[in-house]
Number of protein chains: 2
Amino acid sequence: MTKQNFELNGRIWLEVGGEKMLGHGRVELLERIQASGSIRQAALQMKMSYKQAWDLINHINSHFKKPVVVSQRGGKGGGKAVVTADGLKLIAQFHQLHASFSDFLKQHSGEFDLTNQD
Amino acid sequence: MTKQNFELNGRIWLEVGGEKMLGHGRVELLERIQASGSIRQAALQMKMSYKQAWDLINHINSHFKKPVVVSQRGGKGGGKAVVTADGLKLIAQFHQLHASFSDFLKQHSGEFDLTNQD
DNA sequence: TAGCGTTATGTTTTAAAAAACATAACGATG
DNA sequence: CATCGTTATGTTTTTTAAAACATAACGCTA
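Residues numbered from 1 in each chain as written. Chains lettered and ligands numbered in written order. Predicted model: local features only at pLDDT ≥ 70, side-chain atom pairs only at ≥ 80, totals over all residues. Heavy atoms only, no water.

Focus: the relation of the copies chain A and chain B
Part 1 of the reasoning: Each copy of the sequence occupies a distinct position, and chain A is placed on chain B by a rotation of 180° and an axial shift of 0.0 Å, giving an RMSD of 0.0 Å. In short, the pair behaves as if placed about a two-fold rotation axis. Residue A:Arg11, judged by its C-alpha, is the member of chain A lying nearest the rotation axis, at 2.7 Å.
Part 2 of the reasoning: Comparing contact sets, 100% of the residues at the interface of chain A also lie at the interface in chain B, consistent with an isologous, same-surface contact. (Least-squares fit on C-alpha atoms with pLDDT ≥ 70 in both. Contact = heavy atoms within 4.5 Å.)

A closer look at the protein's contact with DNA strand D
Part 1 of the reasoning: What surrounds DNA strand D is a group of 20 residues, the closest being B:Ile39, B:Tyr50, B:Trp54, B:Ser71 and B:Gly78.
Part 2 of the reasoning: Sugar and phosphate atoms represent 64% of those atoms of DNA strand D found within 4 Å of the protein.
Part 3 of the reasoning: Within the backbone of A:Lys76, one N or O atom sits 3.4 Å away from a sugar or linking oxygen of DNA strand D.
Part 4 of the reasoning: The separation between a base nitrogen of DNA strand D and a polar main-chain atom of B:Gly74 is 3.5 Å.
Part 5 of the reasoning: Tallied by class, residues from the surface near DNA strand D come to three nonpolar, eleven polar and six charged. (Near = heavy atom within 4 Å. Polar contact = N/O pair within 3.5 Å; in protein donor to acceptor, adjacent residues only side chain to side chain. Nonpolar A, V, L, I, M, F, W, Y, C, P; charged D, E, K, R; others polar.)

Some remarks on the interface of chain A and chain B
Part 1 of the reasoning: Of the residues lining the interface, 39 residues belong to chain A; the matching set on chain B comes to 39 residues.
Part 2 of the reasoning: Interface area, chain A with chain B, both sides summed: about 3,600 Å², of which 57% is carbon and sulfur.
Part 3 of the reasoning: In this assembly, chain A and chain B are joined by zero salt bridges.
Part 4 of the reasoning: Taken together, chain A and chain B are joined by 19 residue pairs in polar contact (both at pLDDT 80 or more).
Part 5 of the reasoning: Taken together, the elements giving at least two residues each to the side of chain A that touches chain B come down to strand E1 (7–16) and helix H4 (85–108) of chain A.
Part 6 of the reasoning: Bridge count between E1(A) and strand E1 (residues 7–16) of chain B: nine bridges; the pairing is antiparallel. When the bridges of E1(B) are listed, A:Glu15 appears paired with B:Glu7. (Buried area = accessible area lost by both parts, 1.4 Å probe. Salt bridge = Lys/Arg side-chain N within 4 Å of Asp/Glu carboxyl O. Helix = DSSP H or I, 4+ residues; strand = E, 2+ residues; numbered from the N terminus. Pairing = 2+ DSSP bridges.)

This is the structure we're talking about:
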């Protein structure tokens, strides 16, 4: 009898109007924007193009009642971006939820089993 | 104060060797194969091409130690396909797990909240 | 006031994924 | 022993998504 080796995995995310809005990747992007004060730097760190990062946060901003990132161009350093209080709240809430989800996956990871008598 | 309307959502799946192997869609495919005795009929029901369905179950079969579907061509009706005992076991185990996951999502769906004093 | 680095946005090109198409093999059955 | 409906598989085309490229706007700062 040889035992099949399984792993349980999954993803969770936040939706607004049925549209995916905030998952693991976008939360990381927000965190890096907050840490660096720059969309460009955050994008570089995550190996995505500036445009891709900008499109993402623009999409989020335009679907929430209040923006999660506010930015300005020109000035010292060329411009900057900061995560709003709401954005920070979302990051924290997502982390908390994701920790519960990780527990869930770990707790149920043994439930797949094809062991039998052969 | 206007409240942002959130929904929590997610997916879970089974992996073998880090590769996604069995999630919601493939489980449904297996069920329809079992119910109809035919890959073609299952594919039609799910509005996918026969090739796509076949590629999926072939991929699964070749990554598990024992196949989840066995099939034969020719003969009465042109051929047939049946889900193995292991396959049926996986379906059942996935359903059980997915029910727990649905509970998880429901229980935590209220954890996102941006309500504040403005 | 020219230059710098970043935000903001549109367009074009490339790559990946999906769909469509085509065809052989098979075995009961009439 | 030809037909039928399905399994099995490869190839081509289309669609979609991602990446690359290009450029304007902006406001400090030297």
